[in-house]
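Observations on the three-dimensional arrangement
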Amino acid sequence: MQILYSDTSLTPMRVARSSGYIDWASQPSLFKHYPDFLFRYRYESLAALKIAELSRCITSCSDIGGKPYYRLNTPSAGNLHPIELYVQIRGIKGVISGIYHVDAKEKCLVLIREIERDGVEPFVGLSNRFKGMLFIVSIVPFRSEWKYGERAVRYCYIDAGHQTGAILASAHVLGQKATILSDIDTLSLNEHMGFSTQEFSCMAVSVGEETDKSVEPFKSPLIQVAPTDYCESINTFSKYLDHYKYTVTYPPIQSFTENIATIYDRRSVRLFADTMLNREISDYFLQRSSQVSLPLSASVVILKNAAKDPGIYKEGKIQKHGEYADTMSHLLVDQSFIKNAAMVIIFTARKFTAHSMICAGTFAHMLHLEAVNNGIGFTGIGAFYDEKLQLFLETQDPIVYICALGEERS
Ligand SMILES: Cc1cc2nc3c(=O)[nH]c(=O)nc-3n(C[C@H](O)[C@H](O)[C@H](O)COP(=O)(O)O)c2cc1C
């Protein structure tokens, strides 16, 4: 994966070369659609399905150039959403036990296969039947490769992290406990979930409890449905996919979101007011950033708008004093709105892996919701000059993901 970092690093030259014209009419479809003959539950039809709705739903729809422009509860680089979500439901009163596609566009759960003694458990590291919900997150790289080329591989994994964070947060607001499963066999999952060569499973999250009843893997794969209306065989994603079966322990990532409205209200904010973030909030996010655990660590650049000395901080302590608003704006590919932000959180990792990108996305999702809860503007940033930023932070560790926050301009 280290090779992915250098292959997909941004430099001023690469950015200049790639900033061409994009024909939005050729954007691949954002939502996978299973055939209409399959049974569906509308999101609102059963209270038990609320967690699926809160995990993936459309939260805004506008019209751009005569085309609907959807935004979801999860953020996504370029709003391209190269993610799909599935859930296996077992033993929940009033719900047919089966494997469902979470269809955010149609606001429903589509039953792809009923289950009984069989299920996805053997592919997600569970030996017995699991009572409750098993979420599976997949990546549809072409939706992002279409615009971002090789850099899309990073965005796909970070988006998958946000999706994972969204599931954890949804469970938390509903008073349920969600766990990221560590031992998933993605290759078998891809085959059994009926994924084509354009879709890849990458995360599993459980909400419920393992029973003592044994389980069998389901025998035949689910029906295959293309995740986009068309696809070019770019295949950069599979080129870097070096860990089909992996066991990775995910650090516990705590959700502090108590309020359902926060989930629906989340938006990425770029219009930062050139005003001071109060000390309590500045301290909160500085402390919170230092709670990120391995494989990640975080540096925080306090800009002029936080009620703290400006400079570079690590684990809550200042490392270097300085006014870096202009420098940060430049290093983040000259995104000038950064100048008015109050803080920039930079996640680095010892190794550049799918795991570190997913963890960064998951953790950032929590921070994003906490910012919304506190009325603070927040956005994830995937575009930065990698090597220049490493030089600035005086680190050899790859830069994984960045977040900017500050008072929102009213
Ligand atoms: C991985 C990732 C990278 C992103 N990179 C940037 C970025 O470099 N600049 C920016 O302004 N927004 C960035 N965003 C924010 C998206 O543009 C935003 O999520 C998307 O437009 C949808 O809007 P919403 O988050 O309000 O739903 C990024 C989001 C993600 C998840």
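Residues numbered from 1 in each chain as written. Predicted model: local features only at pLDDT ≥ 70, side-chain atom pairs only at ≥ 80, totals over all residues.

A few points about the overall build of the protein chain
Formally: Put simply, DSSP marks the helices as runs of H or I at least four residues long and the strands as runs of E at least two long, and each gets a number from the N terminus on. C-beta atoms are placed from the backbone for every residue, and two residues are taken to be in contact when these atoms lie within 7 Å.
Check the secondary structure of the protein chain and you find 12 helices and 19 strands. Put simply, of all contacts in the protein chain between residues at least 6 apart along the chain, 78% involve residues at least 24 apart.

Quick word on the site of the ligand
Here is the rule we go by: In this entry, near means the residue's backbone-placed C-beta atom lies within 6 Å of the molecule or strand. Under the scheme applied, nonpolar residues are Ala, Val, Leu, Ile, Met, Phe, Trp, Tyr, Cys and Pro; charged residues are Asp, Glu, Lys and Arg; polar residues are all the others, including Gly.
As a structural note, the neighbourhood of the ligand is formed by 19 residues, with P75, A77, S268, G382 and A383 the closest of them. Counting residues per element, the shell around the ligand draws most heavily on helix α5 (residues 152-173), which supplies four residues. Each residue belonging to the shell around the ligand can be placed in one class, and the counts come to six nonpolar, nine polar and four charged.

As for the domain arrangement of the protein chain
We count it as follows: Domain segmentation is taken from an automatic or database assignment of domains.
Partitioning the protein chain into structural domains gives domain 1 (19-247) and domain 2 (267-406). The C-alpha centroid of domain 2 is placed 28 Å from the C-alpha centroid of domain 1. Those elements that provide at least two residues to the side of domain 1 that touches domain 2 are α5 and β11 (200-214). The dominant element in the side of domain 1 that touches domain 2, judged by the number of residues it contributes, is α5, at 12 residues. Split by residue class, the side of domain 1 that touches domain 2 holds 10 nonpolar, five polar and two charged.

What about the sheet that holds strand β6 (residues 108-114)?
The condition is simple: Two strands qualify as a pair provided that DSSP identifies no fewer than 2 bridges between them. The convention used is that axes are lines fitted to C-alpha atoms, helices contributing only their stretch in contact, and that angles between N-to-C directions extend from 0 to 180 degrees.
Pairing within the open sheet is antiparallel, and its seven strands lie in the order β1-β6-β5-β4-β8-β11-β9. The open sheet has two free edges, formed respectively by β1 (40-42) and β9 (178-180), since each of these has just one partner strand. Recorded for the sheet is a direction-independent mean angle of 25° between the axes of neighbouring strands. Where β1 lies against β6, three bridges are found, and the strand directions are antiparallel. Directly across from Y41, in β6, lies its bridge partner L109.

Things to note about the environment of K50
Along the chain, the position of K50 falls in helix α3 (residues 50-55). Along the sequence, K50 and L174 sit 124 residues apart, while their C-alpha atoms lie 8.4 Å from each other.

Notes on the sheet that holds strand β14 (residues 296-302)
Pairing is antiparallel in the open sheet, where six strands are placed in the order β16-β15-β14-β17-β19-β18. Both edges of this open sheet fall to β16 (317-321) and β18 (377-381), since each of them pairs with a single strand only. Averaged over all neighbouring strand pairs, the angle between strand axes comes to 25°, with direction disregarded. Summarising the sheet, β18 and strand β19 (residues 399-406) pair through five bridges and their orientation is antiparallel. Bridge assignment links G377 to a residue of β19, and that residue is G406. Sitting on the sheet, helix α9 (residues 279-290) touches β14, β15 (311-314), β17 (343-349) and β19, and the angle it makes with β14 is about 155°. Lying on the sheet, helix α12 (residues 386-393) is in contact with β14, β15, β17 and β19; it crosses β19 at an angle near 75°.

Description of unusual backbone geometry
Note that the residue after L294, namely P295, is joined by a cis bond; omega there is 15°. Of note, P295 is situated in the loop between α9 and β14. Residues other than glycine seldom take positive phi values, yet E394 does so here, at roughly 55°. Tracing the backbone through its elements, the reader meets E394 in the loop between α12 and β19.

Structural notes on α5
As a reminder, the rule being used: Each residue after the first adds 1.5 Å to the expected span of a helix.
Here α5 is 22 residues long and its end C-alpha atoms lie 31 Å apart, about the 32 Å a rise of 1.5 Å per residue gives. One or two steps after α5, the chain reaches G175, where phi turns positive at roughly 75°.

With respect to the nonpolar core
Just so we agree on the cut-off: In these notes, a nonpolar core means any group of buried Ala, Val, Leu, Ile, Met, Phe, Trp, Tyr and Cys residues linked to one another through C-beta atoms within 7 Å. The exposure scheme places C-beta atoms from the backbone and then counts, for each residue, the other C-beta atoms within 10 Å of its own, assigning buried at 20 or more, exposed at 12 or fewer, and partly exposed in between.
Counting residues in each nonpolar core, the largest one holds 120 residues, and the members touching the most others are F135, L303, M343, V344, A360, I402 and L405. Viewed by domain, this core spans two of them, domain 1 (19-247) and domain 2 (267-406), each represented by three or more residues. Sequence-distant contacts of M343, that is, excluding residues within four places in its chain, are made with S282, F285, V300, V301, I302, L303, A306, L405 and G406.

Let's talk about the packing of α5 against helix α11 (residues 354-373)
For clarity, the threshold we go by: Orientation labels follow simple angle bins: below 35 degrees gives roughly parallel, above 145 gives roughly antiparallel, 65 to 115 gives roughly perpendicular, and whatever is left gives oblique. If you view the pair so one helix is near and one far, a crossing is left-handed when the near helix is turned anticlockwise from the far one by less than a right angle, and right-handed when it is turned clockwise.
Orientation of α5 relative to α11, taken along the N-to-C sense of each, is 50°, at an axis distance of 7 Å. In terms of orientation, α5 and α11 fall into the oblique class. Between α5 and α11 lies a crossing of right-handed hand. Facing R154, Y157, I158, D159, A160, G161, H162, T164, G165, A166 and A169 of α5, the residues of α11 in contact are A354, M357, I358, C359, A360, G361, T362, A364, H365, M366 and L369.

Thoughts on the environment of Y240
Structurally, the position occupied by Y240 is in helix α7 (residues 236-240). Expressed as a C-alpha distance, the spacing of Y240 and S206, which sit 34 residues apart in the sequence, is 27 Å. The contact partners of Y240, leaving out residues within four places of it in the chain, are M1, L4 and V153.

Let's talk about the pairing of β17
For β17, the tally of buried residues reaches seven of seven residues, placing the bulk of the element in the interior. Every second residue of β17 is oriented toward a common face, with M343, I345, F347 and A349 on one face and V344, I346 and T348 on the other, all of them buried. As defined by bridge partners, β14 adjoins β17 across seven bridges and the pair is classed as antiparallel. Residue pairing for β17: I302 is matched across the bridge by M343. Sheet topology places β17 next to β19; six bridges connect them, and they run antiparallel. Looking across to β19, one finds that M343 is bridged to L405.

Considerations on the environment of Y157
Inspection of the secondary structure assignment puts Y157 in helix α5. With 29 C-beta atoms packed within 10 Å, Y157 lands in the buried category. Taking the C-alpha atoms as reference points, Y157 and S138, separated by 19 residues in sequence, lie 9.6 Å from one another. Y157 has contacts with A354, M357, I358 and G361, leaving out every residue within four places of it along the chain.

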